[in-house]
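Residue-level structural notes
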Amino acid sequence: MSVANRFGRLLLMVVLIGLIPGCNDAQSPNATANSPATRVPSSGIEQAGSKTGETQLDLDRPGLSAQVIGSGDGALLVLEIDPALMEPVLIGMPRKGFSARAMLKDWNFAAVIGSGFVSELNSLEPVGLLQVDGQTLSPVQVHGYTRILGINDTGMGVVHRRAYQRNLFHSALQAGPGIIEEGELDISDRELKRPRYFRSFVAVCEQRWLAGVSLAPAHLHTLGQTLLAHIRAQNWRCDDVVNLAGDRQAVIAVETGDGTLMHHGDPDTYKVSLLGFRPVLD
């Protein structure tokens, strides 16, 4: 066979291989590793919802209820947490990390939401304040994330970064931006021009806390509108809703009453920090 013919066959094979889905650069994992995730691991949400045919999910856990609100880009999985029956605990382990599944199994948590901000994708180096049981594991970052989500003996609270003092909370996490502040949407519609990401969030309300994730990549503005409409329809007062780290860092995991795991986001990927809720001991 002539050199020209061999080259022609080789060129044809390269072209055909390039037409097979998954074999070209556009489909390879490395080509999209730094792009916003379009899908994340998810389990139990559709099954739980189909038991009643409604958005309310069957958790069978005292002090904890869940429902799906909104639709499309605005679809959110929202946990309602009773402070009288559940207590918040912030876990942080820089450079070591831990998974949401492990927290549920080893620490007797009913639900886990996360995570805190990190320096880069899959990093275990925190960005901004991470304070656990009075020990500062990472200092406040004076630029960027504007909210401090904290835990003290009275429960959870949110303050602006400028108002933070170490004695306000025994455990605290720098987050942001604020999605809702003083009961009003605090995200400009200019944010709609930015990329959409999976999001996780926490709301501090009178008589309850909310924790949740977006079920599709979303803008914070859209998330805030959906959540604010739900809060007002329920006649709840929620002064502050803060954005936690998003994209592949966003995760929620709940152990239902029958011991099965409901989650959105990867429950096995290690995170530098996670917020858990566990039953209050009598």
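**Describing the sheet that holds strand β1 (residues 42-43)**
Pairing is antiparallel across the open sheet formed by six strands, whose spatial order is β1-β18-β17-β6-β19-β5. With one partner strand each, in any of the chains shown, β1 and β5 (86-92) form the two edges of the open sheet.

**Examining the environment of I113**
Checked against the element boundaries, I113 lands in strand β6 (residues 111-114). For I113, a relative accessible area of 1% corresponds to the buried category. It is 9.5 Å that separates the C-alpha atoms of I113 and S273, two residues lying 160 residues apart in sequence. Each residue touching I113, except ones within four places of it in the same chain, is listed here: S200, F201, V202, A211, G212, V213, L244, V251, I252, L274, L275 and F277.

**Notes on unusual backbone geometry**
Between G114 and the following residue, S115, the backbone shows a cis peptide bond with an omega angle of 5 degrees. Here the phi dihedral of D60 falls at roughly 55 degrees; this positive angle occurs in a residue that is not glycine. Its place among the elements puts D60 in strand β2 (residues 56-61). Look at R95: it is not a glycine, yet its phi comes out positive at around 70 degrees. Inspection of the secondary structure assignment puts R95 in the loop between β5 and α4 (100-106).

**Thoughts on the confidence of the model for the protein**
Summarising the model, the protein shows a mean pLDDT of 86, and 85% of its residues fall at 70 or more. With pLDDT under 50 throughout, residues 2-31 is counted as low confidence; its partners more than four residues away or in other chains account for seven contacts. Predicted confidence is poor over residues 47-54, with pLDDT under 50, and the contacts of this stretch with residues over four places away or in other chains come to seven contacts.

**Some words on the sheet that holds strand β9 (residues 147-152)**
A sheet is described by the order of its strands in space; here five strands give the open sequence β8-β7-β11-β9-β10, paired in antiparallel fashion. Either end of the sheet is taken by a strand with one partner, and the two such strands are β8 (135-138) and β10 (155-160). The sheet shows a mean angle of 20 degrees between the axes of neighbouring strands, taken without regard to direction. With five bridges joining them, β9 and strand β11 (residues 171-175) adopt antiparallel strand pairing.

**A few points about the packing of aromatic side chains**
Applying the stated criterion to the full structure yields three aromatic pairs. Their ring planes at 20 degrees and their centres at 3.8 Å tell us that F117 and Y145 sit as a pair that is stacked. Taken together, the positions of F117 in the loop between β6 and β7 (130-132) and Y145 in the loop between β8 and β9 put the pair 28 residues apart, joining distant regions of the chain. Its relative accessible area of 12% is what places F117 among the buried residues.

Quick notes on the rules
Here the residue numbering is sequential within each chain, running from 1 through the sequence in written order. Given that the model is predicted, a residue must reach a pLDDT of at least 70 before its local features are reported, and side-chain atom pairs must reach 80 or more before they are shown or counted; all residues, however, enter totals for whole chains, interfaces and linings. Side-chain numbers come from the whole structure's heavy atoms, not from hydrogens or water. By definition, two strands form a pair when at least two bridges between them are found by DSSP. For helices the rule is a DSSP run of H or I covering at least 4 residues; for strands it is a run of E covering at least 2, with both sets numbered from the N terminus onward. Buried means the residue's accessible area, taken with a 1.4 Å probe over protein chains only, is under 20% of the maximum for its type, while exposed means over 50%, and partly exposed covers the values in between. What makes two residues a contact is simply this: any of their non-hydrogen atoms within 4.5 Å. The quantity known as pLDDT measures the predictor's confidence residue by residue, on a range of 0 to 100. Orientation is described by lines fitted to C-alpha atoms, with helices fitted over the stretch in contact, and by angles between N-to-C directions that extend from 0 to 180 degrees. Centres within 6.5 Å make a pair out of two Phe, Tyr or Trp rings, where for Trp the six-membered ring is used; the pair is then stacked when the planes are under 30 degrees apart, edge-to-face when over 60, and tilted otherwise.

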